[in-house]
Amino acid sequence: MGCCFSSDSETSQQNEEVKPLIPDPNLNKIPTNGSDRNADSLLSSRTDEQALLTTILQRTALNIIDVSAVDSQGMEQHEYMDRARQYSTKLEVLSRTLSQKKPVPLPSLSSQPHQVLAADLVSNADVQQVSKIAAYAYSAISQIKVDAKEELVVQFAIP
Amino acid sequence: MTTALTQGLERIPDQIGYLVISEEGVLASAGELENDEHTAGVIMQMVRTACRFRLHGTAEPPFKRMSVMFEDYVYAVTISGQKVFVVKRQNNQREPVIV
């Protein structure tokens, strides 16, 4: 829907009433349709701004993880049921493949088991050394700790 | 067939019992380990876990024998031909402990 621009329509009554007070920033972006041009661009700039704000709000809501929120974001009943069905189907497939797994066969460590078992036992010196090494390792691991530098949970506020 | 398995175990120096275990269960037992299904079960779990260790991405388990050492005795364990051999031996080593 549009009409060709003509200098006659520029001075019509319709245009005088809706002539914008401030220059329209979207003038160059939106393809103009003659007499409808000014009316449309004023309205569209307002809705654009609104739409932009809504988009920013939606994007923020999606990206922020609100740990203080008790109620989860409302999900429609049918969507909830759909997801539940999807997940249980996936679980069925996985459990089928898991139960089919055969236990790993025992590897053969030696062809001379009696010889291996009759050989000299581990010396006391070796046992003590291994025990000492294990004690050091245990001590080192028990000293690992988290060095917290910042708060993990913060208040999200607009200053 | 059982005697072939157990003959060699009988002759192990200072052995005080042994077990031969397969996937299905205990094939033979003697001495202090006679009918000891509980110990058999525990040792099977231990040796299965140990067999999962690998050194630097090698294909086979990095050991020939697993020893479970107590103060006075040792369980020596190995695997051959899909069977687990366990022998309980006295630990006679009496070296002075360095404090």
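Residues numbered from 1 in each chain as written. Chains lettered and ligands numbered in written order. Predicted model: local features only at pLDDT ≥ 70, side-chain atom pairs only at ≥ 80, totals over all residues. Heavy atoms only, no water.

## Section: the confidence of the model for chain B
Okay, step 1: This prediction gives chain B a mean pLDDT of 89; 93% of its residues lie at or above 70.
Okay, step 2: Scored as a complex, the prediction yields pTM 0.57 and ipTM 0.87. (pLDDT = per-residue confidence, 0-100.)

## Notes on the interface of chain A and chain B
Interfaces are often described in size by the accessible area the parts lose on coming together.
Okay, step 1: Across the contact, 22 residues belong to chain A and 34 residues belong to chain B.
Okay, step 2: For the pair chain A and chain B, the two sides together bury roughly 2400 Å², of which 61% comes from carbon and sulfur.
Okay, step 3: If you sort the residues of chain A by the area they bury against chain B, Leu106(A), Leu109(A) and Leu117(A) come out on top, with a joint share of 35%.
Okay, step 4: Seen at the junction of chain A and chain B, the total is 0 salt bridges.
Okay, step 5: Inspection of the chain A/chain B interface yields 11 residue pairs in polar contact (both at pLDDT 80 or more).
Okay, step 6: Breaking the side of chain A that touches chain B down by element, the ones donating at least two residues are helix H5 (113–118) and helix H6 (124–142) of chain A.
Okay, step 7: In terms of residues, the side of chain A that touches chain B owes the most to one element, H5(A), which gives 5 residues.
Okay, step 8: For the side of chain A that touches chain B, the per-class residue count stands at 14 nonpolar, 7 polar and 1 charged. (Contact = heavy atoms within 4.5 Å. Buried area = accessible area lost by both parts, 1.4 Å probe. Salt bridge = Lys/Arg side-chain N within 4 Å of Asp/Glu carboxyl O. Polar contact = N/O pair within 3.5 Å; in protein donor to acceptor, adjacent residues only side chain to side chain. Helix = DSSP H or I, 4+ residues; strand = E, 2+ residues; numbered from the N terminus. Nonpolar A, V, L, I, M, F, W, Y, C, P; charged D, E, K, R; others polar.)

## Notes on the environment of Ala76(B)
Okay, step 1: Tracing the backbone through its elements, the reader meets Ala76(B) in strand S4 (residues 73–80).
Okay, step 2: Residue class for Ala76(B) comes out buried when judged on its relative accessible area of 0%.
Okay, step 3: For Ala76(B) and Met66(B), which are 10 residues apart along the polypeptide, the C-alpha to C-alpha distance reads 5.8 Å.
Okay, step 4: Contact partners of Ala76(B), with chain neighbours within four places excluded, come to Leu117(A), Arg65(B), Met66(B), Phe85(B), Val86(B) and Val87(B). (Buried < 20%, exposed > 50% of the residue type's maximum accessible area, 1.4 Å probe, protein only.)

## As for the sheet that holds strand S3 (residues 66–69) of chain B
Residue and element names in this part refer to chain B.
Okay, step 1: Pairing is antiparallel in the open sheet, where 5 strands are placed in the order S2-S1-S5-S4-S3. On the outer flanks of this sheet lie strand S2 (26–31) and S3, each paired with one strand and no other. The average angle at which neighbouring strand axes cross in this sheet is 15°, direction not considered.
Okay, step 2: Examined bridge by bridge, S4 and strand S5 (residues 83–90) share 8 bridges and lie antiparallel to one another. Within S5, the residue paired with Ile 79 across the bridge is Val 84.
Okay, step 3: This element, helix H2 (residues 37–50), spans strand S1 (15–21), S2, S3, S4 and S5 of the sheet and lies at about 60° to S4. (Pairing = 2+ DSSP bridges. Axes fitted to C-alpha atoms, helices over the stretch in contact; angles between N-to-C directions.)

## Quick notes on the side chain of Ser22(B)
Residue and element names in this part refer to chain B.
Okay, step 1: Relative to the assigned elements, Ser 22 resides in the loop between S1 and S2.
Okay, step 2: The class for Ser 22 is buried, based on a relative accessible area of 8%.
Okay, step 3: Apart from residues lying up to four places away in sequence, Ser 22 is in contact with Leu 27, Met 44, Gln 82 and Lys 83.

## As for the packing of aromatic side chains
Residue and element names in this part refer to chain B.
Okay, step 1: Scanning all chains against the criterion turns up 3 aromatic pairs over all chains.
Okay, step 2: Between Tyr 73 and Tyr 75, the ring centres sit 5.8 Å apart and the planes meet at 80°, which makes this aromatic pair edge-to-face.
Okay, step 3: What makes Tyr 73 partly exposed here is its relative accessible area of 27%.
Okay, step 4: A relative accessible area of 11% means that Tyr 75 is categorised as buried.
Okay, step 5: Taken together, the aromatic side chains of Phe 70, Tyr 73 and Tyr 75 make up a single cluster linked through ring pairs.
Okay, step 6: The ring of Tyr 73 carries Lys 88 above its face, with NZ or CZ at 4.4 Å from the centroid. (Phe/Tyr/Trp six-rings, centres within 6.5 Å; stacked < 30°, edge-to-face > 60°. Lys NZ or Arg CZ within 6 Å of the ring centre and 35° of its normal.)

## Examining the pairing of S5(B)
Residues and elements named next belong to chain B.
Okay, step 1: Among the 8 residues that make up S5, 7 are buried, leaving the element largely enclosed by the rest of the structure.
Okay, step 2: Of the strand pairs in this sheet, S1 and S5 are connected by 6 bridges, and their pairing is antiparallel. Its bridge partner being in S5, Ile 21 is matched across the sheet by Val 84.
Okay, step 3: Connecting S4 to the next strand, S5, in antiparallel fashion are 2 residues, including Gly 81 with a positive phi near 55°.

## As for the side chain of Arg65(B)
Okay, step 1: Mapped onto the secondary structure, Arg65(B) falls in the loop between H2 and S3.
Okay, step 2: There is no salt bridge for the buried Arg65(B), and the closest opposite charge comes from Asp120(A), which lies 7.5 Å off by N-O distance.
Okay, step 3: Polar contacts involving the side chain of Arg65(B) include one to the main-chain carbonyl oxygen of Asp120(A), which spans 2.8 Å.
Okay, step 4: Setting aside residues no more than four positions away along its own chain, Arg65(B) makes contact with Val116(A), Leu117(A), Ala119(A), Asp120(A), Leu121(A), Val122(A), Ala76(B), Val77(B) and Arg89(B). (Lys, Arg positive; Asp, Glu negative; His and termini not counted.)

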